[in-house]
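Below are the chains, spelled out letter by letter.
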Amino acid sequence: MGHDASGYLDGVVFLRKPISSTTVVLVALGYPAVLSWSTQEPISSTTVVLAGYPAVLSCGYSSEQPPDSVDWYRLEGLDAEQERTHLLYHDSNSGTFAFGNYSDRAEVVEPANLKLQPVYMSDNGDYECEVPTTADYDTFLSKVRLQVLEAPDGPRITGYSPPLFAGQTLHLRCESQIVGDVRPTLVWYNGSRELSRIDPSVWQPETETAVLNYVLDVSKYDNAKAYRCQALYRGPVGVREQKITLDIRYAPTTDIETPLGKVVREGDDVLLRCAVDSNPPSTVSWDRLEGDMPANYNLFEDGRLLRIVKITRNFHGTYQCKAENDLGVSTTSVELNILYAPSIARQVLDTAEALVGENFTRACITDGNPPPTVRWSREGSEEILDDPLYFSSVNFTDDGSYICTARSEVKYFPESTAKFRLDVKGPPQIVKQNTIFSAKENGSVTLECEVESDPPATRVAWKWESNSIESGTVGRYSVRQKETPTSILSTLTIKSVQASDFRSYQCLILVGRYSVRQKETPTSILSTLTIKSVQASDFRSYQCLAVNVHGEETQVIVLERATAPPPQPIPLVAIILPVILVFIMVILGLLYYLRKYWQRKLPWTPKYLKNKDMEMRAIEDDYLPPIAQDSASPMPLLPGDDPTNYYMEPDLIRDLEFPRDKLSLERVLGRGNFGQVIKAKAQGVGGADKPMTVAVKTTKDGSSADAKEDLLKELKMMKLIPPHPNVVMLIGYCTKTEPVYVIVEYCALGNLQNFLRKCRSKRDSTYANIQVDERLLTPRDLASFIWQIARGMAHVASLKIVHRDLASRNVLIDKNKVCKISDFGLSRDVYDTDNEEYEQKTQGRLPLRWMAPESLFDHVYSVKSDVWSYGITMWEVLTLACTPYPGLSPPAMMERLRNGFRMSKPVHCNDEVYDIMRKCWEDDPEDRPTFIDLVRLLEDVITKAEDFIKIDEIPAAMYDESNSKKSKQEKC
Ligand code: ADE
């Protein structure tokens, strides 16, 4: 052991004094005893030590020989008349003995010093050591003083007396004792954040208390925050601290959260949560500004959560929450929009009568939210007519039934239809079919005149010269009338007619739920004039006359003498047509031959497609997603599951340059700001005869050099990724000339976000079946999706690639419902350090709602920040692609995230699935699972429970189609 100049050593202070004299004393060996012993020996040294520390009392004896024995005594009494009260330690050849409460903490250390470990406050006092010296049978005596000081209490915080009010200034003072040379470092903390510190060196030797002040202007955000003052003492006192938790009083602020959205369907439940921030807590009340609150509402969570059961349209409007505490009042309101299906007013159904030549109009009066679009059509015709239905001059041809269809933009609302009959009345119409007839002399002929009339014609007659025949036979001329009703003839026969039967009757036509009252039906009369033994004088014109209450109509009909037909020439067509057919067949044969020839010569085939065309075909044609295939064995291997199947050396996939002329672009699948994706046919992929449908990523016309560079970067990234069933596969690229094409596999069902949103509108009432393009989407499909995405990401992560934009919009889905990770536009190779420029470029548009806190706040991206985004993507899938953090603006969302907020469990998913999501959202990236963990966890949960997601409990309002009209932050 050594000590420094100040005498400070591990918290023990030795103050040495020279031994002034020695006195010969008889030594009594033995057991503890109170000895009456008085000595004039002065105190030779004082040892100052903190309670709890070890202390070494120096005897001051030195000799080359170790002493035969050493005795240590405790002394009592005043300096001059001290008495040995006990022998506390004896050390001699016969053994060592420590007595009393020293028995287990005292020992003699070379040569004759006494070590006490630890020392207690009660050890304060004087001690004497006695060592017999062999040379002159003398005894060496020495007195030492032990001064034990109390260990400091630790810091004390003053200056805070609750309650405080937001806006006040708080002067915090932290004091801690200085004991001897034991001086603390003082530090103020807010949580784990250091605010200020002061080192021990600033204290003057005589200072008794270390002090550190901290001044703070408090705001409501400081409420419940802990402020700690730490005193760091060297040695066993160590770290002492005191903590205060601020109680800051402030008036309430309110915000309304709408977990099920502000737009709901009639009959749905509504949930409104009044998020109140206040101290002390506020009382909360709800009100509807337009009038009464609905009868069937309940309050939960101390009145903050308002639940309206099966809301009806008349309770639309503004709902206000009011929070009040001693310091103030706050109100916030939200407008509830209640959607309901279209309906059509009854009066639209009434049959209308119009006279020929009049104007006619009928409006389709509808109700519905959103207001439905209305269109008219005529029964039996496809033509769409505008609303209101309008005829500038009604004609008989307008007579008929008209259907009004009211259709809501909310796709799952059924359309409403109503049909009415337009009954056109007017003078008879002669339907012109044939106005010239021919006959041979002496033959017979029948002239026809077809009359349509509503009301029916009262008279139809044939006239020529002075003749007029309505019916019957006059000489060689006979006239017949045949009536053909144009609608079903329904008869009501009344037997034994009573007086009360003399009244009006209605005949109803029922079509589905609708009925049309039919008063009269327009009739068609075919009137014929038959002339027998036709004479030369009969070749002339005749008049057909029809009359009803509204007027009359005449038609001139001519009878001509029949002539013999001329011989027919052979039509030219009969010669030309066979010649053209033979020519076409020759050309087609030639084209077929050429195609075969070129295919054989095609140089280009990606090597992995050549080698693995069996797997390719499996992925292309036969692969069904695991869960959809067989629910009893939910996670079978996928084609290509064995990574060795697809493994290839990186340089194998590097040369996929594809001949541009073997691509035929078809239609644009999607457009972004700078790029577009086009559906195309690629001829000769994998040496196949049949062209393969592919998707081609390219830049838009006139896009910048940056856009091209981004596309090339994405290509570079994709080239690093060997094929995997859950990652969109690179098929080839055209980079030799512009525009650059990146050719990837085609995913017929588009991106997962749109796909899920489309499913919402098609779901039926049980939701066990969601219909999309004639396919059913089940809870197991959703499970399969999240599982496949985890698998795809495990593959990407295994290559040390960070995707940085994982979201359902960037997952594609093929015709067999296989999910494929795509859009490597933002992705980075973690070994690639050249990313400054990239950061810059994407700074403007970041997928904030999908980003982990470390990415949002510190621009740190890793596989673990991809895991966070995966958790968000999982949440998207389980809510059928709601927008994350519904109802929160980006700044509000970021603020909440910073304070540890996480999205709550979607009501319809079970706790285990939600646990997995929450693991992805651990604050510390290291605490989040890996993608491989996620695949396993999901397999466990999904195979264990059938009800991991109760798809039929998804509140309908959550993914209302009308959401497409909402802003991003409102949209669920
Ligand atoms: N949209 C973007 N990429 C696509 C692809 N590979 N298939 C279908 N649609 C797409």
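Here, residues in each chain are numbered from 1, in the same order as that chain's written sequence. Given that this is a predicted model, residues contribute local features only at a pLDDT of at least 70 and side-chain atom pairs are listed and counted only at 80 or more, while totals for whole chains, interfaces and linings are drawn from all residues. Derived side-chain values reflect all non-hydrogen atoms in the structure, with water molecules and hydrogen atoms excluded from consideration.

- The protein chain carries the name receptor protein-tyrosine kinase in an unreviewed UniProt entry, which gives Branchiostoma belcheri as its organism.
- UniProt positions are given in the numbering used here, feature names are shortened, and annotations may be inferred rather than shown by experiment. Listed under Function (unreviewed entry) in UniProt, the entry text for the protein chain is "Receptor for basic fibroblast growth factor."
- Recorded in UniProt for the protein chain, the comment headed Subcellular location (unreviewed entry) runs: "Cell membrane".

**Focus on the site of the ligand**
Phase 1: A single heavy atom is enough: if one lies within 4 Å of a molecule or strand, its residue is considered near that molecule or strand. Near the ligand the following residues occur: L669, V677, A695, V744, E745, Y746, C747 and L812.
Phase 2: Any pair of nitrogen or oxygen atoms within 3.5 Å is treated as a polar contact; in protein, a donor-acceptor pairing is required on top of that, and neighbouring residues in sequence qualify only through side-chain atoms on both sides. Contact between the ligand and E745: a nitrogen atom at 2.9 Å from a main-chain N or O atom of the residue.
Phase 3: The separation between a nitrogen atom of the ligand and a polar main-chain atom of C747 is 2.8 Å.
Phase 4: Calculation on the ligand without its partners gives an accessible area of 260 Å², and the protein chains cover 83% of this total.
Phase 5: Taken together, the residues that form the shell around the ligand break down as seven nonpolar, no polar and one charged. Per-residue and other accessible areas follow the Shrake-Rupley method at a 1.4 Å probe size, with only the shown protein chains counted as cover for residues. Each residue gets one label: Ala, Val, Leu, Ile, Met, Phe, Trp, Tyr, Cys and Pro are nonpolar, Asp, Glu, Lys and Arg are charged, and the others, such as Gly, are polar.

**What to know about the nonpolar core**
Phase 1: Counting residues in hydrophobic clusters, the biggest one holds 73 residues, and the most contacted among them are L752, F785, I789, Y870, M917 and L938.
Phase 2: Where helices and strands are cited, they refer to DSSP runs of H or I of at least four residues and of E of at least two residues respectively, numbered from the N terminus. No other element matches the eleven residues that helix α9 (residues 779-798) contributes to this core.
Phase 3: Only heavy atoms matter for contacts: two residues are in contact if any of them lie within 4.5 Å across the pair. Setting aside residues no more than four positions away along its own chain, L752 makes contact with F785, I789, S808, V811, I813 and V877.
Phase 4: Judged by nonpolar contacts, the second largest core, of 51 residues, contains A106, L114, Y160 and Y214. Take the buried Ala, Val, Leu, Ile, Met, Phe, Trp, Tyr and Cys residues and link them wherever side-chain atoms come within 4.5 Å; each set so joined is a nonpolar core. The cut-offs for exposure are 20% and 50% of the maximum accessible area for each residue type, with area from a 1.4 Å probe on protein chains only; residues under the lower value are buried, those over the upper are exposed, and the others partly exposed.

**Looking at the side chain of D781**
Phase 1: Residue position: D781 is located in helix α9.
Phase 2: We classify D781 as buried; its relative accessible area is 2%.

**So, unusual backbone geometry**
Phase 1: The omega torsion of the bond from N369 to P370 falls at 0 degrees, within 30 degrees of zero and hence cis.
Phase 2: For P370, the location among the structural elements is in the loop between β30 (366-369) and β31 (373-378).
Phase 3: In the segment running from D454 into P455, the intervening peptide bond is cis, with an omega of 0 degrees.
Phase 4: With respect to the helices and strands, P455 occurs in the loop between β37 (445-454) and β38 (459-464).
Phase 5: The backbone of L880 shows a phi angle near 55 degrees, a positive value even though the residue is not glycine.
Phase 6: Inspection of the secondary structure puts L880 in the loop between α12 (863-878) and α13 (890-898).

**Here we look at the pairing of strand β18 (residues 226-232)**
Phase 1: Burial of β18 is extensive: six of the seven residues sit out of reach of the surface.
Phase 2: The pairing criterion is simple: DSSP has to find at least two bridges between the two strands. In this sheet, β18 lies alongside strand β15 (residues 185-190) in antiparallel orientation, the contact comprising six bridges. The residue bridging N190 from the neighbouring strand is Y227, located in β18.
Phase 3: With seven bridges connecting them, β18 and strand β19 (residues 239-245) associate as antiparallel partners. Across the sheet, residue Q230 finds its bridge partner in β19, namely E241.
Phase 4: Between β18 and β19, which pair antiparallel in sequence order, lie six residues; one of them, G235, sits at a positive phi of approximately 80 degrees.

**Here we look at α12**
Phase 1: Multiplying 1.5 Å by the residue count of a helix minus one yields the expected span of that helix. Between its first and last C-alpha atoms α12 spans 22 Å; for 16 residues at 1.5 Å apiece the expected length is 22 Å, and the two agree.
Phase 2: Counting buried positions over the 16 residues of α12 gives 15, a clear majority of the element.
Phase 3: The opening residue of α12, the one whose side-chain oxygen lies 3.1 Å from the backbone nitrogen of K864, is S862.
Phase 4: Trailing α12 by a residue or two, L880 shows a phi angle of about 55 degrees, which is positive.

**Observations concerning the side chain of N726**
Phase 1: With respect to the helices and strands, the residue N726 is situated in the loop between α7 (705-719) and β50 (730-734).
Phase 2: A polar side-chain atom of N726 sits 3.1 Å from a polar atom in the side chain of Q788.
Phase 3: At a separation of 3.0 Å, a polar atom in the side chain of N726 contacts the main-chain carbonyl oxygen of C819.

**What about the sheet that holds strand β24 (residues 297-300)?**
Phase 1: An order of β13-β20-β22-β25-β24 is seen for the five strands of this open sheet, with the pairing classed as mixed. On the outer flanks of this sheet lie β13 (164-165) and β24, each paired with one strand and no other.
Phase 2: Across four bridges, β24 lies against strand β25 (residues 305-308) in antiparallel orientation. The partner of Y297 across the bridge, within β25, is I308.

**Details of the sheet that holds strand β16 (residues 193-198)**
Phase 1: Strands sit in the order β16-β15-β18-β19 across an open sheet of four strands; the sheet is antiparallel. The sheet terminates laterally at β16 and β19, the two strands that pair on one side only. Geometrically, the sheet is characterised by an average inter-axis angle of 20 degrees between neighbouring strands, direction not taken into account. Axis angles are defined between N-to-C directions and span 0 to 180 degrees, where every axis is a line fitted to C-alpha atoms and, for a helix, only to the segment in contact.

**What about the pattern of salt bridges?**
Note on pairing: side chains with opposite charge can pair once their charged atoms come close.
Phase 1: The term salt bridge refers to a pairing of a side-chain nitrogen on Lys or Arg with a carboxyl oxygen on Asp or Glu at a separation within 4 Å. By the definition in use, this model includes 39 salt bridges.
Phase 2: Here E745 ties to K820 by a salt bridge, and the two come within 3.1 Å at their closest N and O atoms. Note that E745 is positioned in strand β51 (residues 741-745) and K820 in strand β56 (residues 819-821), a separation of 75 residues in sequence. The two residues E745 and K820 agree in class, both being buried.
Phase 3: Through salt bridges that share partners, D255, E257, R273, E301 and R896 make up one connected network.

**Focus: the environment of A354**
Phase 1: With respect to the helices, strands and loops of the structure, A354 is situated in strand β28 (residues 352-355).
Phase 2: Here A354 falls in the buried class, since its relative accessible area comes to 3%.
Phase 3: The spatial distance from the C-alpha of A354 to the C-alpha of D398 is 9.7 Å, given a sequence separation of 44 residues.
Phase 4: If near-sequence neighbours (up to four positions away) are discounted, A354 is found in contact with F360, V394, L422, D423, V424 and K425.

**Focus on the packing of aromatic side chains**
Phase 1: Within 6.5 Å between ring centres, the rings of Phe, Tyr and Trp (the latter by its six-membered ring) count as paired, and their orientation is classed by plane angle as stacked under 30 degrees, edge-to-face over 60, tilted in between. Summed over the entire model, instances satisfying the criterion amount to 15 aromatic pairs.
Phase 2: Ring centres of W188 and Y214 lie 6.3 Å apart, and the angle between their planes is 35 degrees; this geometry places the pair in the tilted category. A residue pair is termed long-range when its members are at least 10 positions apart, and W188 in strand β15 and Y214 in strand β17 (residues 209-217) qualify at 26 residues.
Phase 3: Assessed through its relative accessible area of 0%, W188 is described here as buried.
Phase 4: Accessibility expressed as a relative area gives 18% for Y214, which makes it buried.

**Re the state of the cysteines**
Phase 1: Throughout, disulfides are identified as pairs of cysteine sulfur atoms within 2.5 Å of each other. As enumerated under the stated definition, the model contains five disulfides in all.
Phase 2: Covalent S-S linkage joins C174 and C229, the inter-sulfur distance amounting to 1.8 Å. Across the disulfide from C174 to C229, rotation about the S-S bond amounts to roughly -75 degrees, and the bridge is consequently left-handed. Here C229 lies in strand β18 and C174 lies in strand β14 (residues 169-177), a separation of 55 residues in the sequence.
Phase 3: Note on C174: relative accessible area 0%, which makes it buried.
Phase 4: For C229, a relative accessible area of 0% puts it in the buried group.
Phase 5: Here C364 engages in a disulfide with C404; their sulfurs sit 1.8 Å apart.

**Description of the pairing of strand β22 (residues 270-279)**
Phase 1: Here six bridges tie strand β20 (residues 248-257) to β22, and the two strands are oriented antiparallel to one another. Across the sheet, residue T253 finds its bridge partner in β22, namely D277.
Phase 2: Looking at chain direction, β22 and β25 are connected through four bridges and run antiparallel. Each residue of the ladder has a partner; that of L272, found in β25, is L306.

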